[in-house]
Amino acid sequence: MEQKSRVGVYICHCGTNIAGFVDVEGVADFASGLEGVEIARHYTYMCSDPGQALIREDIQNLGLQRVVVASCSPLMHETTFREVCSEAGLNPFLFQMTNIREHVSWVSVDRVKATAKAKALVAAAVRRVRLQEQLEMRRVSMKQSALVVGGGIAGIEAALRLADAGKQVYLVEKEPSIGGHMAQLYKTFPTLDCAA
Ligand SMILES: Cc1cc2nc3c(=O)[nH]c(=O)nc-3n(C[C@H](O)[C@H](O)[C@H](O)COP(=O)(O)OP(=O)(O)OC[C@H]3O[C@@H](n4cnc5c(N)ncnc54)[C@H](O)[C@@H]3O)c2cc1C
């Protein structure tokens, strides 16, 4: 499988967020020489509509079998790029994102070292995506209720959050009252609030 994979690599500038500290053109050049890589591009905003279209068109026109995007945190845009893959007919789990913003440009002062780190992360992402396998999403019915064991502050907070999300919550406490350790303290550091 690894030898067959045709990987597309997309390096995002994120405006100057990444491009200001990383040689994005150099990273794309480096990526284009990695084993299995069919195409490597860099673009101002990969998450923008034209950026997404670039990936979609490459998947369809070049028959890409894997996609790597080097940009921001997956928390921000992993879903976006997985959807792009799906729309182009590629299984969304044959996609790998690597974070060269929070993990590189935002925490670097040396452009040369930042670029070297970005290259290493891209190389790792390419190696990884070539070994990924197709996954299918399944829908399963779930009970809309939850059991929280322990009524300390952690349990109380978890129960309240679940209840706010509309779940029926059962909070179980083995002692006669809730509050756990916190309820036994007079005042708490650092605010000196009354613990109870
Ligand atoms: C001496 C001391 C001073 C501290 N001072 C501070 C401070 O100044 N500021 C601060 O922020 N933090 C302070 N802490 C830390 C703080 O009290 C704890 O981080 C916090 O109480 C932990 O809450 P918790 O809900 O995770 O656990 P716990 O408070 O331990 O609550 C766990 C609950 O689960 C229940 N439970 C356990 N097993 C079961 C079971 N099988 N079935 C049902 N119920 C179960 C227990 O009875 C308990 O009520 C202090 C801790 C101590 C010990």
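Residues numbered from 1 in each chain as written. Predicted model: local features only at pLDDT ≥ 70, side-chain atom pairs only at ≥ 80, totals over all residues.

Thoughts on the overall build of the protein
From N to C terminus, the protein includes six helices and eight strands. Each helix (α) and strand (β) of the protein, taken in turn from the N terminus, gives the series β-α-α-β-α-β-α-β-α-β-α-β-β-β. Relative to a compact globule of 196 residues, whose C-alpha radius of gyration would be 16 Å, the protein shows 23 Å and is clearly more extended. With the C-alpha coordinates aligned to their principal axes, the bounding extent of the protein is approximately 65 × 45 × 30 Å. Across the 196 residues in the protein, those meeting the buried criterion constitute 29%. In the protein, the share of contacts with a sequence separation of at least 24, taken over all contacts with a separation of at least 6, comes to 66%. (Helix = DSSP H or I, 4+ residues; strand = E, 2+ residues; numbered from the N terminus. Rg over C-alpha atoms; globule rule 2.2 N^0.38 Å. Buried ≥ 20, exposed ≤ 12 C-beta atoms within 10 Å, placed from the backbone. Contact = placed C-beta atoms within 7 Å.)

What about the site of the ligand?
In the vicinity of the ligand, 17 residues are found, and the nearest of them are Gly150, Gly152, Ala154, Gly180 and Phe189. By residue number, the principal contributor to the shell around the ligand is helix H6 (residues 153-164), which donates three residues. (Near = placed C-beta within 6 Å.)

A closer look at the pairing of strand E4 (residues 95-99)
The element E4 is extensively covered by neighbouring structure, given that five of its five residues are classed as buried. The two faces of E4 match: Phe95, Met97 and Asn99 on one face and Gln96 and Thr98 on the other face are all buried. Examined bridge by bridge, strand E3 (residues 66-71) and E4 share five bridges and lie parallel to one another. Across the sheet, the residue bridging to Val69 is Met97, located in E4. Between E3 and its parallel partner E4, the chain crosses via helix H4 (residues 74-87), and the hand of that crossover is right-handed. (Pairing = 2+ DSSP bridges. Right-handed = clockwise from strand over helix to strand, strands pointing away.)

As for the packing of helix H3 (residues 49-62) against H4
Direction vectors running N to C along H3 and H4 enclose 35 degrees, while the axes themselves pass 9 Å from each other. Note that H3 runs across H4; the crossing there is right-handed. Here H3 contributes Gln52, Ile55, Arg56 and Ile59 to the contact with H4, which in turn contributes Val84, Cys85 and Glu87. Classifying every residue of the contact of H3 with H4 gives four nonpolar, one polar and two charged. (Axes fitted to C-alpha atoms, helices over the stretch in contact; angles between N-to-C directions. Left-handed = near helix turned anticlockwise from the far one by under 90°. Nonpolar A, V, L, I, M, F, W, Y, C, P; charged D, E, K, R; others polar.)

What about the sheet that holds strand E1 (residues 7-12)?
Spatially, four strands are ordered E2-E1-E3-E4 in an open sheet, and the strand pairing comes out parallel. Of all the strands in the sheet, just strand E2 (37-43) and E4 have a single pairing partner and so form its edges. Direction aside, neighbouring strands of the sheet carry axes that sit 15 degrees apart on average. Sitting on the sheet, H4 touches E3 and E4, and the angle it makes with E4 is about 155 degrees.

Quick look at the domain arrangement of the protein
Here the protein is partitioned into domain 1 (7-131) and domain 2 (145-194). The straight-line distance from the C-alpha centre of domain 1 to that of domain 2 is 43 Å. (Domains from an automatic or database assignment.)

Observations regarding the environment of Val7
Along the polypeptide, Val7 turns up in strand E1. Measuring from C-alpha to C-alpha, the distance between Val7 and Val126 comes to 7.4 Å, with 119 residues separating the pair along the chain. Excluding anything up to four places from it in sequence, Val7 contacts Gly36, Val37, Glu38, Leu64, Arg66, Val68, Val126, Val129 and Arg130.

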